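# A closer look at the structure
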Amino acid sequence: MGLVVSESDLSTNAPWGCQGVLIPEGPTPEAIGQGAINTATIVATCLTSGIAARLANDLVLNGFSDWFLPSLEELAMIWSELASDGLGGFANHTYWSSTQASATQAFTVDMNNGNQGTHSKGNTSNRYTRATRRFLLPTTNPRVIETGLAMIEMTEGSFTSTTNTIDYVSYD
């Protein structure tokens, strides 16, 4: 399994949403693999339009409609495997994760330096939104089947290469 990151930001000022409301979540909402679950729960609970999770959830790009707002650990991995190397076209600002810290705060990752922090769920100033989706790897070559997107492959080995406008990362 791997992660695909949308080729551009969905917003530079969308709030996380539902300020003051603690959204129900599982025991490890920050973990890799939880972004899709977190996003579905946020969208079902917080009916506000224009929030970060809804923008990701509603995205249809390259024929795919299974986009989500990444969890804190997914977003941290996106920084360490893509943004820290200048891949993916990220702005030097903080990006929302789908992981909340409290009823009033949600986690972010600064794509300038990888620092994790919390911000008010209602904050719209320089809070960027980027969608992510999972993909299954084909068992034969070519292993990269989508173009124009930043990809992270979750397999053994570690390398980064840029070919045919694809930012492609494999990690342990």
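Here we summarise the structure given alongside this text. (Residues numbered from 1 in each chain as written. Predicted model: local features only at pLDDT ≥ 70, side-chain atom pairs only at ≥ 80, totals over all residues. Heavy atoms only, no water.)

### With respect to the state of the cysteines
This model, assessed by the stated rule, comprises one disulfide. Residue pairing for Cys18: its cysteine sulfur links by disulfide to Cys46, the two sulfurs lying 2.0 Å apart. As the torsion about the S-S bond is roughly 110 degrees, the Cys18-Cys46 disulfide counts as right-handed. Of the two residues, Cys18 sits in the loop between strand E1 (2-5) and helix H1 (35-45) while Cys46 sits in the loop between H1 and helix H2 (52-57), which places them 28 residues apart along the sequence. Residue Cys18 shares its accessibility class with Cys46, and that shared class is buried. (Disulfide = S-S within 2.5 Å. Helix = DSSP H or I, 4+ residues; strand = E, 2+ residues; numbered from the N terminus. Buried < 20%, exposed > 50% of the residue type's maximum accessible area, 1.4 Å probe, protein only.)

### Some details on the environment of Glu73
Looking at the secondary structure, you find Glu73 in helix H3 (residues 72-81). In sequence terms Glu73 and Pro29 are 44 residues apart; their C-alpha atoms lie 9.1 Å from each other. Not counting the four nearest positions on each side in its chain, Glu73 is found in contact with Glu30, Ala31 and Ile32. (Contact = heavy atoms within 4.5 Å.)

### Here's the deal with the side chain of Gln34
Examined against the element boundaries, Gln34 turns out to sit in the loop between E1 and H1. Gln34 has contacts with Thr28, Pro29, Ser71, Glu74 and Arg134, leaving out every residue within four places of it along the chain.

### Regarding the pairing of strand E3 (residues 105-110)
Here strand E2 (residues 94-100) runs beside E3; their pairing, made up of four bridges, is antiparallel. Bridged to Gln100 within E3 is Ala106. Counting the residues between successive antiparallel strands, the hairpin from E2 to E3 contains four residues. Across five bridges, E3 lies against strand E4 (residues 116-120) in antiparallel orientation. For Val109, the partnering residue across the bridge sits in E4 and is Gln116. Taking the residues between adjacent antiparallel strands as the criterion, E3 and E4 are bridged by five residues, where Gly114 takes a positive phi near 80 degrees. (Pairing = 2+ DSSP bridges.)

### Quick look at the nonpolar core
The biggest cluster of nonpolar side chains holds 19 residues, and the ones touching the most others in it are Trp16, Ile23, Ile42, Cys46, Trp67, Leu69 and Trp96. Among the secondary structure elements, those contributing two or more residues to this core are H1 and H2. Residue contributions to this core peak at three residues, all from H2. Counting residues in hydrophobic clusters, the runner-up holds 13 residues, among them Val5, Leu75, Leu87 and Phe90. (Core = buried A, V, L, I, M, F, W, Y, C linked by side-chain atoms within 4.5 Å.)

### Overview of the packing of aromatic side chains
This model, assessed by the stated rule, comprises two aromatic pairs. Aromatic side chains Phe90 and Tyr95 sit 5.4 Å apart centroid to centroid with 75 degrees between the ring planes, which places their arrangement in the edge-to-face category. When sorted by exposure, Phe90 lands in the same class as Tyr95, which is buried. Relative to Tyr128, the ring of Tyr95 lies with its centre 5.3 Å away and its plane at 50 degrees, an arrangement referred to as tilted. Of this pair, Tyr95 sits in strand E2 while Tyr128 sits in strand E5 (residues 127-128), placing them 33 residues apart in sequence. Assessed through its relative accessible area of 1%, Tyr95 is described here as buried. The class of Tyr128 is buried, set by a relative accessible area of 10%. Every member of this aromatic cluster is reached through a ring pair, and the members are Phe90, Tyr95 and Tyr128. Sitting above the plane of the Phe90 ring, Arg130 keeps its charged end 4.1 Å from the centroid. Of note, Arg133 hangs over the ring of Trp67, and the distance from its end group to the ring centre comes to 5.9 Å. (Phe/Tyr/Trp six-rings, centres within 6.5 Å; stacked < 30°, edge-to-face > 60°. Lys NZ or Arg CZ within 6 Å of the ring centre and 35° of its normal.)

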